[in-house]
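The chain contents come next:
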Amino acid sequence: FSSNVTFGLSPLTVQFTDMSTGTVESWLWDFGDGNTSTERHPQHTFNLPADQTSTVSLTVTGPSGSDTVVKNDYIVMSLPPTQVASLPDTFAVEDGGALEIVNDLNTVFKDDNTSHVLTFSASSNSEGVVPVVEDAKLSLTPSENLLGSAEVYVTASNGLLAAHDTFTVHIAAVNDAPGAFTRLLPEDASTVSAASVTFSWSKSIDVDGDDIAYTLLVKINGQENSFTVTDTAHFVDLSAFGATGHNDTISWRVEASDG
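Being a predicted model, the structure only gives us computed values, none of them experimental. Counting restarts for each chain, with residues numbered from 1 along the sequence as it is written. Local features in this predicted model are restricted to residues whose pLDDT is 70 or higher, and side-chain atom pairs enter the listing and the counts only when it is 80 or higher, whereas totals over whole chains, interfaces and linings include all residues. Think of the side-chain values as coming from all heavy atoms in the structure, minus any hydrogens and water.

Draft legend 1. Layout of the overall build of the protein. When helices and strands are counted, the protein shows 0 helices and 22 strands. Here the globule rule is a power law, 2.2 Å times the number of residues to the power 0.38, and the radius of gyration is based on C-alpha atoms. Rg of the C-alpha trace for the protein: 36 Å, well past the compact-globule value of 18 Å for 259 residues, more than 25% over. Across its three principal directions, the C-alpha atoms of the protein cover 110 × 50 × 25 Å. By the convention used here, residues are in contact when the closest approach between their heavy atoms is within 4.5 Å. Residue pairs in contact within the protein that sit at least 24 positions apart in sequence constitute 60% of those at least 6 positions apart. For accessible areas, the Shrake-Rupley method is used with a probe of radius 1.4 Å. Any residue's cover is judged against the shown protein chains and nothing else. Of the roughly 14600 Å² that the protein leaves accessible, carbon and sulfur atoms contribute 48%. Counting rule for charge: Lys and Arg are taken as positive, Asp and Glu as negative, and neither His nor the chain ends is counted. Note on charges: their place is set at NZ of Lys, CZ of Arg, CG of Asp or CD of Glu. In the protein, 8 positive and 34 negative side-chain charges are present, and the distance between their average locations comes to 5 Å. Secondary structure is summarised from DSSP: a helix means a run of H or I of at least four residues, a strand means a run of E of at least two, and numbering begins at the N terminus for each.

Shown next as structure tokens:
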């Protein structure tokens, strides 16, 4: 069954509609307030105190027996919260930290039932955007390196009924530096006997997916030489840069850049 309304203040007149199929011989409605009806589509007026609920059931009987549908707390003697302002779509910057959306959600929702205190909650359709409601203040912090957009759902409840609003968070990309990496070979304080050396290092990962170029800087006897490399290893003929092969001191470092 269905009804034209399920909530309101007393006296609340509700039109019920039987939606049974098949052969029905009789109907028995129980409105949960001590009143019943045997009409197929009854109209009933609820006179209940504010903030009470009423469980409604319908039993239909046919040639093969009866069937009952019960809807718990179906009629609510209250009004839902109302929305008095909209939550606007918001733009956030990747890795920008916490972002305050609304300082007081009571400026967005109100309750016409003066005895109620609204409580608020929020969720999103993205694991990377976690909204937080604290003392009616709504804020959120996008996950690090998050891109794209997310829908945030905000609910205001008076304990019986609720109102909802949705807004979109658009997260703008900020270019991130390439990730950390380490030098591999030759190791620190090692002795090199060959005139040529292959310098190698681990791969740097760029969270934005940008191409990475490496700059290998090799200092031989105080003179630094630079090589631009797209791989993670580079062969250097040390003698071509002034290495004599006798007690030369060589230091090296690598820089990674996404441009």
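Draft legend 2. The sheet that holds strand S14 (residues 137–142), seen in detail. Strand order in the open sheet formed by 3 strands is S10-S14-S13, with antiparallel pairing between adjacent strands. Only two strands of the sheet have a single partner each, and these edge strands are strand S10 (99–102) and strand S13 (129–134). In this sheet, adjacent strand axes meet at a mean angle of 30 degrees when their direction is disregarded. DSSP calls a pair of strands paired once it identifies at least 2 bridges connecting them. Simply put, an axis is a line fit to the C-alpha atoms, just over the touching stretch for a helix, and the angle between two N-to-C directions goes from 0 to 180 degrees.

Draft legend 3. The side chain of Asp111, seen in detail. For Asp111, the position within the fold is in the loop between strand S11 (109–110) and strand S12 (119–124). Lacking a salt bridge, the buried Asp111 has Lys110 as its closest oppositely charged neighbour, with an N-O distance of 9.9 Å. Setting aside chain neighbours within four positions, we find Asp111 in contact with Leu79, Pro80, Pro81, His116, Leu118 and Asn158. Think of it in three bands: residues with accessible area under 20% of the maximum for their type are buried, residues over 50% are exposed, and the middle band is partly exposed, with areas taken using a 1.4 Å probe on protein chains only. Think of a salt bridge as a Lys or Arg side-chain nitrogen and an Asp or Glu carboxyl oxygen that are within 4 Å of each other.

Draft legend 4. Representation of the pattern of salt bridges within the structure. On inspection of all chains with the given rule, the structure shows 4 salt bridges. Arg183 serves as the salt-bridge partner of Asp188, at 3.2 Å between the closest nitrogen and oxygen. A salt bridge links Arg253 to Glu224, with the shortest nitrogen-to-oxygen separation between them at 3.5 Å. A residue pair is termed long-range when its members are at least 10 positions apart, and Arg253 in strand S22 (residues 250–257) and Glu224 in strand S20 (residues 223–229) qualify at 29 residues. Judged by relative accessible area, which is 34%, Glu224 ranks as partly exposed. The structure contains a network of salt bridges with shared partners spanning Glu224, Arg253 and Glu255.

Draft legend 5. How the structure looks around the sheet that holds strand S2 (residues 12–17). Strands sit in the order S1-S2-S5 across an open sheet of 3 strands; the sheet is antiparallel. Each edge of the sheet is formed by a strand with only one pairing partner; in this case those strands are strand S1 (2–3) and strand S5 (43–46). Here 2 bridges tie S1 to S2, and the two strands are oriented antiparallel to one another. Counterpart to Ser2 in the pairing with S2 is Thr17.

Draft legend 6. Examining the pairing of strand S19 (residues 213–220) more closely. Where S19 lies against S22, 8 bridges are found, and the strand directions are antiparallel. Residue Lys219 lies in a different strand from S22, and its bridge partner there is Ser251. Sheet analysis places S19 next to S20, joined by 7 bridges and oriented antiparallel. If you follow Lys219 over to S20, its bridge partner there is Glu224. Between the end of S19 and the start of S20, which pair antiparallel, lie 2 residues, with Asn221 showing a positive phi angle near 50 degrees.

Draft legend 7. The arrangement of the packing of aromatic side chains in detail. Aromatic rings from Phe, Tyr and Trp, with only the six-membered ring used for Trp, were paired whenever their centres fell within 6.5 Å, and each pair was classed as stacked if the ring planes differed by under 30 degrees, edge-to-face if by over 60, and tilted otherwise. The final tally for this structure, using the stated rule, is 12 aromatic pairs. Each ring, one from Phe31 and one from Phe46, has its centre 6.2 Å from the other, and the planes form 85 degrees; the classification is edge-to-face. With a gap of 15 residues between them, Phe31 in the loop between strand S3 (26–30) and strand S4 (36–37) and Phe46 in strand S5 connect regions that are remote in the sequence. A network of ring pairs unites the aromatic residues Phe1, Phe16, Trp29, Phe31, Phe46 and Tyr74 as a single cluster. Between the NZ or CZ atom of Lys71 and the centre of the ring of Phe1, over which it lies, the distance is 4.5 Å. Lysine NZ or arginine CZ positioned within 6 Å of the ring centre and within 35 degrees of the ring normal marks a charge as sitting over the ring.

Draft legend 8. Local environment of the nonpolar core. Here, nonpolar core means buried Ala, Val, Leu, Ile, Met, Phe, Trp, Tyr and Cys residues that are tied together by side-chain atoms lying within 4.5 Å of each other. Within the largest apolar cluster, 21 residues are counted, with the highest numbers of intra-cluster contacts made by Leu105, Phe109, Val154 and Phe167. Contributions of two or more residues to this core are made by S10, S14, strand S15 (148–157) and strand S16 (162–172). Residues contacting Phe109, with those up to four places away along its chain left out, are Thr82, Gln83, Val84, Leu118, Phe120, Val154, Ala156, Ala163, His164 and Asp165.

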